[in-house]
Amino acid sequence: MPHDLPKAYDPTAIEDHWAEYWVREKLFAQPAPDTASFAGDLSASEASIRPAGKAFTILLPPPNVTGRLHMGHMLNQTEMDILTRWRRMTGRRALWLPGTDHAGIATQMMVERQLISEGKTRQQLGREAFVERVWEWRRHYGGAILDQMKRLGASVDWQREYFTMDEHLSVAVREAFVRLHEQGLIYRGAYIVNWCPRCQTAISDLEVVHVEQKGHLWEIRYPVLGEDGKETGEFLTVATTRPETMLGDVAVAVHPEDERYLHLHGKKLRLPLVDREIPIILDEWVSRDFGTGAVKVTPAHDPNDFALGERHHLPSINVMDPIGHINAEGGAYAGLERYAARKKIVANLEEQGLLAAVKDYTNNVGHCDRCKTVVEPRLSTQWFVAVNKSPRDGVPSMAELARKVVAPDADGKKAITFTPEMYEKTYLGWMENIHDWCISRQLWWGHRIPAWHCADCHKITVARVDPTACAHCGSEKITQETDVLDTWFSSGLLPVSVFGWPNLGRSNTPGAPGPSHLGTWEKGTNRADFDAFYPTSLLVTGFDILFFWVARMIMLGCWFAGDVPLPDGSPRSLADSVPFKEVYIHALVRDANREKMSKTKGNVVDPIEIVKQYGTDAVRFTLASMASPGTDIAFNVARTEGYRAFANKIWNAARFLFMNVDRAAEAGIFVDPAALGGMPVAAEDAPLEARWIVAELHATAAKVNQSLENYRYDDAANAIYQFFWGSFCDWYLEIVKLRLDFPMDGPGGESASEQASKRNSMRAALTTLVSVFEASLRLLSPFMPFITEEIWHALYDGNPPAKSIALTAYPTLSEKEMEERQGSAFLAGTYVHMSFLQNLIGLVRNLRKEQDVPEKEVVPIVIHAVTDAQKAFTENLDVVQKLARISTIEYSEADLQGSDVSRHLSHFAAKIVYERTVDVAAESARLTKDIAKLEKGLAAAERQLGNEGFLKKAPPEVVLGLRKQEADTRMLLNKARSALDALPPE
Ligand SMILES: [Zn+2]
Ligand SMILES: [Zn+2]
């Protein structure tokens, strides 16, 4: 029975093969349980695991459709895949759901850049043609990152792959918008936004990067006016970093108690260059210590000034157009680009003697995260979600709900838990201070806002179906809003929309606790997905999108799912409305020196390159072995090299095992197939090593399961590594070799019953070996899915009990078994005896080394030991003989104290009996030859180190190396000389 496993482990060949197989066979597809296709073609063992379990649902944070896989993805996908594979193998109905995000700004920029290279602009193309062009781009290049995921073997359900602009998801976006509008929670308003003059869109606070920049603080003198409206000759000096905004000034504010300005209360100023009369206003917000203590107020171009303007009922004068040029409000400066205008304004002020000072000033300037253009705070009309507003009496606001599900309730329970826990505080802090959410973007690529403006009555019609006439006056002169929705609005809906919301085939239950009670949506046909998979179990994501995405999913999920009754029609509780039960925030992957990876530093590790070099399994294991909550990973290829060696070790163990299985088969001895696929057990009378390795496997499985429950990927991976390499390969395999002494027709003379008993014990040994190995593969499979799949298929030699090792049962212990282990004297005895054996073998190996015993020689040993240890050694004499290379054990009553060649451990002492027999003449000749060679080498080194010229010219590391070589040679020479002296006379 040959097992088809190539001699050398070549990850590339096996990984490509299995990655393709998993996708082709749709192995990780997870239809809802009541759909017909489900029971389909599962084998009995697969079916026995899969349908029973409760769902484990996890959404892949959808990468941007423009994205490429980086090390951060590799880490979070490894973490998600380990958990999904593990949960699947423990019997959960595991669904990991993939998709890509249309990524408004990023994708639009990508295509715009393409157009520019062709000498075109999107404006020339027009909206419709441009959007078609983006779709075209997406069809050709979009989603490359998902192909990378396929190659890396992510066990996602590819049948469910979505794109956030897909039709059914767009329906959800529209429904959500319309419903929030109907609830009075969406409004249009003037607002200071971060405006990117390049992207020509508002961007959120979180998309603005602040960069420290050296600039200036200009101090400008505004003439004070008297009662008669004429200049009094006095000036009020204001300070600004953006003098061009003065064109939009509507007041100057001072602190009401600032003594310098008490006499100016109620006075007016003349705004230079513009000739506008503006009031001096009093506001406690003004800091008396900053600049001159007098602040120009430009409500249309600064968020603080905007708030000031609201408080004091001041007008807002917007002086800039969308591309950052001064508009008609700027009078003489109209048409100038913002920095050209700044130059001219400063020059003009200077000419008029109104520039009091120019000071160097370093401040934090906001830049567009996408295109790095300096952001212009600017007043514009945007669409908002009123997240703090209650839609009607007694119903909490979206933000309130989103706080409630994270904060502990009266019993300390939380509907959503964060790991690491500190992010709970961060989240709640942010949600306490959340402002209304600006959801409009001035882009062409995205979900266009379903609102129509009427040219006649100027009212707005918001509708689920494109209207042909104004809902207010019936006019047909309506045009659709040009803005699109913020990308996070659609991705915030994903946990509900991917499972079919809003078409769930049932209207709202009156009296349900949900926020809307509108019950207006179309009746769909299928809510099996929603019932099976919502709420999802876990979200694994980065802290950088905690607010962008996590918070929005919580708000929108609770809001809309809250309206969906449970399958039995009863109202859904808040705890069942959440989009996910747990959030795991993964750490960062840094370089080997713990530096953040960045293109500018050139220390970025490309996961695809590393995978090519070492294989996916080794890279995954590297990340897993360092991943724990809240700890950044210092990625070091030396470690990956080590885990590549680990994979190799497993491969070789498999080959050794197959060789023995095949030889046993030739001798008519076969593994009991019933022993495979579950948790191996050992009989009470089994040999020590069998009882021990089974116990070690149980302990490792318990540790791994428990560690994964707590997101301690590192502990889980390290436990498996120690078990496989240390316990299984280094000890167990070495011992079990002795039991598998095939073929059977040796120089026997054994009786038939002796033969039968020998065959029985061999069958038992072989069965333990294979069943423990098979279980170990399953234990390792979520971490190293490829190599385990390959070996597992080879183990079953073409007849595996399932289509994939990923569909078998994970080695686990029941709670009862865990308890039994705790108090088991038998188990404790096994461990004690095995440690006696390991200690003795280790000790004898050391003694042999110290006394220079040649490898091929077997030696007798003398032991003084407690009774129990003596029992262990006697029962396992063959093991000690083979592994420590000894002939006999003599037990001494005396304690061996005073013998300089003995070694003492807590339960026994041992010494080896060895007299070196030396051929004095030959040894003397060898040493003499060695000494001559060493003397020559030493002389050469000394000569070179005595050469001043050489020392001056040679690089320091060469000189250092030479000095070390000189010292080493001198040491060896002394050793050889004393060895020669110590030789007995011939
Ligand atoms: Zn930009
Ligand atoms: Zn109208």
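Residues numbered from 1 in each chain as written. Chains lettered and ligands numbered in written order. Predicted model: local features only at pLDDT ≥ 70, side-chain atom pairs only at ≥ 80, totals over all residues. Heavy atoms only, no water.

Asks: How do you make sense of the sheet that holds strand β26 (residues 859–865) when you look at a structure like this?
Replies: Paired through backbone hydrogen bonds, the strands of a sheet run either parallel or antiparallel to each other. If you trace the four strands from one edge of the open sheet to the other, you get β27-β26-β29-β28, paired in mixed fashion. The sheet is open, and its two borders are formed by β27 (886–891) and β28 (903–904), each paired with just one other strand. Inspection of the sheet shows β26 paired to β27 by four bridges, in the parallel sense. Bridge pairing links Val 862 to Glu 890 in β27. Where helix α25 (residues 825–850) meets the sheet, its contacts fall on β26, β27, β28 and β29 (908–912), and the angle it forms with β29 comes to roughly 35°. (Pairing = 2+ DSSP bridges. Helix = DSSP H or I, 4+ residues; strand = E, 2+ residues; numbered from the N terminus. Contact = heavy atoms within 4.5 Å. Axes fitted to C-alpha atoms, helices over the stretch in contact; angles between N-to-C directions.)

Asks: Where do I start with the packing of α25 against helix α26 (residues 867–875) in this structure?
Replies: Running from N to C, α25 and α26 cross one another at 75°; their axes reach a closest spacing of 9 Å. Between α25 and α26, the interaxial angle falls into the category roughly perpendicular. Counted together, Val 832, His 833, Phe 836, Leu 837 and Leu 840 of α25 and Asp 868, Ala 869, Lys 871, Ala 872, Phe 873 and Glu 875 of α26 form the full contact between these two elements. Of the residues contributing to the contact of α25 with α26, the split by class is seven nonpolar, one polar and three charged. (Parallel < 35°, antiparallel > 145°, perpendicular 65-115°, else oblique. Nonpolar A, V, L, I, M, F, W, Y, C, P; charged D, E, K, R; others polar.)

Asks: I tried to follow the coordination of the zinc ion (ligand 1) on my own but got confused; where do I start?
Replies: In ideal tetrahedral geometry, four donors around a metal make angles of 109.5 degrees, whereas ideal octahedral geometry with six donors gives angles of 90 or 180 degrees. Protein coordination of the zinc ion (ligand 1) is provided by Cys 196 (SG), Cys 199 (SG), Cys 368 (SG) and Cys 371 (SG), with donor distances spanning 2.2 to 2.4 Å. Taken together, the four donor atoms coordinating the zinc ion (ligand 1) span angles of 102 to 116° at the metal, a pattern that classifies the geometry as tetrahedral. Sequence spacing of the donors to the zinc ion (ligand 1): C-x2-C-x168-C-x2-C. Placement of the pair is Cys 196 in strand β5 (residues 186–196) and Cys 368 in strand β13 (residues 355–368), with a sequence separation of 172 residues. Relative accessible area serves as the criterion here: at 1%, Cys 368 is assigned to the buried category. (Donors = N, O, S within 2.8 Å, 3.2 Å for Na, K, Ca; no water. Tetrahedral: all angles 85-135°; square planar, octahedral: opposite > 155°, others 65-115°. Buried < 20%, exposed > 50% of the residue type's maximum accessible area, 1.4 Å probe, protein only.)

Asks: For this particular structure, what's the right way to read the pairing of strand β18 (residues 451–454)?
Replies: If a strand is regular, its side chains alternate between the two faces of the sheet. As judged from the three bridges shared by β18 and strand β19 (residues 460–462), these two strands associate in the antiparallel manner. Paired with Trp 452 across the bridge in β19 is Thr 461. What sits between the antiparallel neighbours β18 and β19 is a turn of five residues, in which His 458 has the positive phi angle 65°. Across three bridges, the pairing between β18 and strand β20 (residues 478–480) is antiparallel. For His 453, the partnering residue across the bridge sits in β20 and is Thr 479.

Asks: What's the story with the coordination of the zinc ion (ligand 2) in this structure? I'm lost.
Replies: Coordination sphere of the zinc ion (ligand 2), protein contribution only: Cys 454 (SG), Cys 457 (SG), Cys 470 (SG) and Cys 473 (SG), at 2.2 to 2.3 Å. Coordination at the zinc ion (ligand 2) is tetrahedral: its four donor atoms span angles of 105 to 113° at the metal. Look at where the donors of the zinc ion (ligand 2) fall in the sequence and you get C-x2-C-x12-C-x2-C. Of this pair, Cys 457 sits in the loop between β18 and β19 while Cys 473 is found in the loop between β19 and β20, placing the two residues 16 residues apart along the sequence. For Cys 457, a relative accessible area of 27% translates into the label partly exposed. Given a relative accessible area of 41%, Cys 473 falls into the partly exposed group.

Asks: Is there a simple way to explain the nonpolar core in this structure?
Replies: Across soluble globular proteins, you tend to see nonpolar side chains buried next to one another. In this structure, Phe 728, Phe 783, Ile 791 and Phe 873 are the most contacted members of the largest nonpolar core, which totals 138 residues. By residue number, the principal contributor to this core is helix α21 (residues 713–739), which donates 14 residues. One finds Trp 437, Ala 532, Leu 546 and Ala 551 within the second-largest nonpolar core, a separate group that totals 74 residues. (Core = buried A, V, L, I, M, F, W, Y, C linked by side-chain atoms within 4.5 Å.)

Asks: Honestly, unusual backbone geometry in this entry has me stumped. Any pointers?
Replies: What is expected of a backbone is that most residues other than glycine have negative phi and most peptide bonds are trans. Cis peptide bonds are those with omega within 30 degrees of zero, and the linkage from Thr 419 to Pro 420 qualifies with -10°. Summarising the element assignment, Pro 420 is placed in the loop between β15 (417–419) and α12 (422–432). Here Trp 501 and Pro 502 are connected by a cis peptide whose omega angle stands at 10°. Along the polypeptide, Pro 502 turns up in the loop between α14 (494–497) and α15 (528–533). Positive phi outside glycine occurs at Ala 103, with the angle close to 50°. Mapped onto the fold, Ala 103 is located in the loop between β3 (99–100) and α4 (104–117).

Asks: I tried to follow empty space enclosed by the protein on my own but got confused; where do I start?
Replies: Unfilled space is identified by rolling a water-sized probe across the atoms. Taken as a whole and assessed by the stated rule, the structure comprises three cavities of 30 Å³ or more. As for the largest cavity, its lining consists of Met 74, Gln 77, Thr 78, Asp 81, Leu 152, Ala 154 and Arg 620. Sorting elements by how many residues they give to the lining of the largest cavity places helix α3 (residues 71–89) first, with four residues. When the residues that make up the lining of the largest cavity are grouped by side-chain class, the tally is three nonpolar, two polar and two charged. Put simply, the second largest cavity is a space of about 50 Å³. If you trace the second largest cavity, you find it lined by Ala 19, Trp 22, Val 23, Phe 28, Met 149, Lys 150, Gly 153, Ala 154 and Trp 158. If you list the elements that add at least two residues to the lining of the second largest cavity, you get α1 (11–24) and α7 (144–151). (1 Å grid on protein atoms, 1.4 Å probe; cavity = no way out; pocket = protein on both sides within 12 Å on 5 of 7 lines; lining within 4 Å. Points joined across faces, edges and corners; volume = space filled by probe spheres on them.)

Asks: Got a minute to help me understand the sheet that holds β18 in this structure?
Replies: The three strands are arranged β19-β18-β20 in an open sheet whose pairing can be described as antiparallel. The outermost strands of the open sheet, each flanked by one partner alone, are β19 and β20. When the angles between neighbouring strand axes are averaged without regard to direction, this sheet yields 30°.

Asks: Would you mind going over the pairing of strand β10 (residues 268–271) with me for this structure?
Replies: Burial of β10 is one-sided: the residues Leu 269 and Leu 271 facing one way are buried, the residues Lys 268 and Arg 270 facing the other way are not. Here two bridges tie strand β7 (residues 208–225) to β10, and the two strands are oriented antiparallel to one another. Across the sheet, Leu 225 pairs through a bridge with Lys 268, a residue of β10. The sheet contact formed by β10 and strand β11 (residues 276–282) spans four bridges and is antiparallel. Within the sheet, the bridge partner assigned to Leu 271 lies in β11 and is Arg 276. The antiparallel hairpin formed by β10 and β11 contains four residues in its connecting segment, where Leu 273 sits at a positive phi of about 70°.

Asks: Is there a simple way to think about the packing of aromatic side chains in this case?
Replies: Geometry of an aromatic ring pair is reported as the spacing of the ring centres plus the angle between the planes. Inspection of every chain in the model, using the stated rule, returns 39 aromatic pairs. Ring centres of Tyr 9 and Trp 651 lie 5.4 Å apart, and the angle between their planes is 45°; this geometry places the pair in the tilted category. With Tyr 9 in the segment before α1 and Trp 651 in helix α19 (residues 637–666), the pair connects residues that are 642 residues apart, well separated along the chain. Exposure class is identical for Tyr 9 and Trp 651. Each is buried. Ring geometry for Trp 437 against Phe 489: centres 5.9 Å apart, planes inclined by 45°, an arrangement best described as tilted. Taken as a pair, Trp 437 in strand β16 (residues 437–438) and Phe 489 in helix α13 (residues 487–491) lie far apart in primary sequence, 52 residues in all. (Phe/Tyr/Trp six-rings, centres within 6.5 Å; stacked < 30°, edge-to-face > 60°.)

Read these as geometric descriptors, not functional statements.
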